[in-house]
Amino acid sequence: MADSGDGSAAAATRRRRRLTRLIVFAAVVTGLAVIGLHGRLPAPRDVLKALAGAGYLWILLAAFLQAASIGAFALQQRRLLHSLGVHLRRGRAFAIILASTALSISLPAGPALSTAYTIRQYERAGATREIAAASAIVSGLASIGGLALLYVGGGAAIVAGSPAALLNWRPLVVVVGLAVLTTAVVLAGRRYSRRPPASRSGRTGGRAARYVRIALNSAREAWRAGAGLRTVDWAAALAYATVKWLADLLCLIAVARGLGLPVGVAALAGIYLSVQIVRQVPLTPGGVGVVETALIAGLTAAGATGIDAAAAVLLYRLLSCWLIIPVGGLAALLLRREPSRDRAVK
């Protein structure tokens, strides 16, 4: 009985610690948002007034599109794991993506921590470390490729509307660079995957050298597993990644329409794609402060008032970033209680 009581007390202590960590994470993100946006927004009363006059059907559509963006990411991961021989239930896939995304946008070095967390969860679902890492590698490459496709589509639309825009070669360089990088890595990996593994005999060295070899061998096996995917699996991963980016863009467009911003779809797409370049530089967790400032600057330059632009950005970021943190925290708690029941497909 004493052991049972001690176990209950320890479990209660762990639950309190997890709740405390979630509260601290939320407080840190809120503080960073306040610091990053201080002096850059209109008066809160004016912003709230603009939000009160929003078209709520548009806002509901924006929320649906953001959910679709997250859903496309989860379905991509589920498809990749299934192609690599691991079955992951749909609900568990969504929970893992929500939890890992919350980590990525709420903590310093969030993307690295998020990747490590995702790999651990996939291992609990029955994947080997190499297969879990391979899924992360393929997903990252597909994300770059999906963003490149959006740049290509946006550039084609701009050129179709104004052929003179073709004279501006800088955006074309970005698109070509992304496309070449993604294609080269994929082709090199697929060619490398056909080579037999190198012999490990005769290798000597200290503990540090041994750890380095273990890490390199794990990375090599992960890459080999990912590069060995069929072309149709790579195409599916790219398609899901493109849908993820596109749904996120359409979420911003729906918010702008809901608030009546006098900014065209092409201009909104250009602003969004420009901000994505800034967003890849991890100056703050989730780009807090940086992304908001860049979006507001782009919208006001395109003709929106400062108040309407601030209201649109706050609402878009609420849907695409800030609400994901508590929802992802809840998903992480549920995943901790879920046993490792899934098994690799034979």
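For the structure itself, consult the block above.
The present account deals with the structure reproduced in this document. Because the structure is predicted, anything quoted here is derived from the model rather than measured. (Residues numbered from 1 in each chain as written. Predicted model: local features only at pLDDT ≥ 70, side-chain atom pairs only at ≥ 80, totals over all residues. Heavy atoms only, no water.)

Comments concerning the overall build of the protein chain
From N to C terminus, the protein chain includes 13 helices and zero strands. Reading the protein chain from its N end, one meets helices and strands in the order α-α-α-α-α-α-α-α-α-α-α-α-α. Burial status across the protein chain gives 39% buried among its 346 residues. In the protein chain, once contacts between residues fewer than 6 apart in sequence are set aside, the share between residues at least 24 apart is 79%. (Helix = DSSP H or I, 4+ residues; strand = E, 2+ residues; numbered from the N terminus. Buried < 20%, exposed > 50% of the residue type's maximum accessible area, 1.4 Å probe, protein only. Contact = heavy atoms within 4.5 Å.)

Focus on the pattern of salt bridges
Within this structure, the stated rule accounts for four salt bridges. For Arg230, the salt bridge identified is with Asp233, shortest N-O distance 3.1 Å. One continuous salt-bridge network, built from bridges that share partners, spans Arg79, Arg230 and Asp233. (Salt bridge = Lys/Arg side-chain N within 4 Å of Asp/Glu carboxyl O.)

Quick notes on a nonpolar patch on the surface
Together, Trp58, Leu61 and Phe64 line one region of the surface with nonpolar side chains, adding up to about 320 Å² of accessible area. For Leu61, the location among the structural elements is in helix α3 (residues 56–83). (Patch = residues over 30% accessible without salt bridge, like charges linked within 9 Å, V, L, I, M, F, W, Y side chains within 5 Å. Areas by Shrake-Rupley, 256 points an atom, 1.4 Å probe, with all protein chains shown as cover.)

Comments concerning empty space enclosed by the protein
Unoccupied space between atoms shows up once a probe the size of one water molecule is rolled over them. Enumeration over the complete set of coordinates arrives at one cavity of 30 Å³ or more. Among the secondary structure elements, those contributing two or more residues to the lining of the largest cavity are α10 (265–279) and α11 (290–301). Residue composition of the lining of the largest cavity, grouped by class: five nonpolar, one polar and one charged. (1 Å grid on protein atoms, 1.4 Å probe; cavity = no way out; pocket = protein on both sides within 12 Å on 5 of 7 lines; lining within 4 Å. Points joined across faces, edges and corners; volume = space filled by probe spheres on them. Nonpolar A, V, L, I, M, F, W, Y, C, P; charged D, E, K, R; others polar.)

Some points on the nonpolar core
Val255, Leu259, Leu261, Tyr272, Leu295, Leu299 and Tyr316 are the most contacted members of the largest nonpolar core, which has 37 residues in total. When residues of this core are traced back to their parent elements, those giving at least two are α3, α6 (129–161), α9 (231–258), α10, α11 and α12 (306–322). In contact with Tyr272, other than residues within four places in its own chain, are Trp245, Asp248, Leu249, Leu252 and Tyr316. Counting 35 residues, the second-largest nonpolar core is a separate cluster that includes Ala132, Ala133, Ala134 and Leu229. (Core = buried A, V, L, I, M, F, W, Y, C linked by side-chain atoms within 4.5 Å.)

Quick notes on the environment of Ala254
Counting through the fold element by element, Ala254 comes out in helix α9. Separated by 199 residues in sequence, Ala254 and Gly55 place their C-alpha atoms 9.7 Å apart. Apart from residues no more than four positions distant in its own chain, Ala254 is found in contact with Trp58, Leu61, Ala62 and Leu65.

Observations regarding the packing of aromatic side chains
Applying the stated criterion across every chain yields a total of zero aromatic pairs. If you follow Lys244 out to its NZ or CZ, it ends over the ring of Phe73, 4.8 Å from the centre. Positioned above the aromatic ring of Trp245 is the side chain of Lys244, whose terminal nitrogen or guanidinium carbon lies 4.9 Å from the ring centre. (Phe/Tyr/Trp six-rings, centres within 6.5 Å; stacked < 30°, edge-to-face > 60°. Lys NZ or Arg CZ within 6 Å of the ring centre and 35° of its normal.)

Notes on the packing of α10 against α11
In contact at an axis separation of 10 Å, α10 and α11 are set at 150° when each is read in the N-to-C sense. Looking at the two axes, α10 sits roughly antiparallel to α11. You can see that α10 and α11 cross each other, and the crossing is right-handed. The segment α10 lies against α11, with Leu268, Ile271, Val275, Val278 and Arg279 engaging Val290, Val291, Ala294, Leu295, Gly298 and Leu299. Here the residues of the contact of α10 with α11 are counted per class, giving nine nonpolar, one polar and one charged. (Axes fitted to C-alpha atoms, helices over the stretch in contact; angles between N-to-C directions. Parallel < 35°, antiparallel > 145°, perpendicular 65-115°, else oblique. Left-handed = near helix turned anticlockwise from the far one by under 90°.)

Describing the packing of α3 against helix α4 (residues 90–106)
One way to put it is that α3 packs onto α4 with a least axis distance of 9 Å and a crossing angle of 115°. At the point where α3 passes α4, the crossing takes the right-handed sense. Along the contact surface, α3 presents Ile70, Gly71, Phe73, Ala74, Leu75, Gln77 and Arg78, while α4 presents Arg90, Ala93, Phe94, Ile97 and Leu98. Partitioning the contact of α3 with α4 into residue classes produces eight nonpolar, two polar and two charged.

As for the side chain of Gln276
By the secondary structure assignment, Gln276 is in helix α10. Residues contacting Gln276, with those up to four places away along its chain left out, are Leu147, Tyr151 and Trp245.

Re helix α5 (residues 110–124)
Taking 1.5 Å per residue, 15 residues should reach 21 Å; α5 reaches 21 Å between its end C-alpha atoms and fits that length. Note on α5: the residue one or two positions beyond its end, Gly126, has a positive phi of about 110°. (Expected span 1.5 Å × (residues − 1).)

Re the side chain of Arg317
Within the secondary structure, Arg317 sits in helix α12. Assessed through its relative accessible area of 0%, Arg317 is described here as buried. Not counting chain neighbours up to four residues away, the residues in contact with Arg317 comprise Arg279, Gly286, Gly287, Val288, Val291, Glu292 and Trp322.

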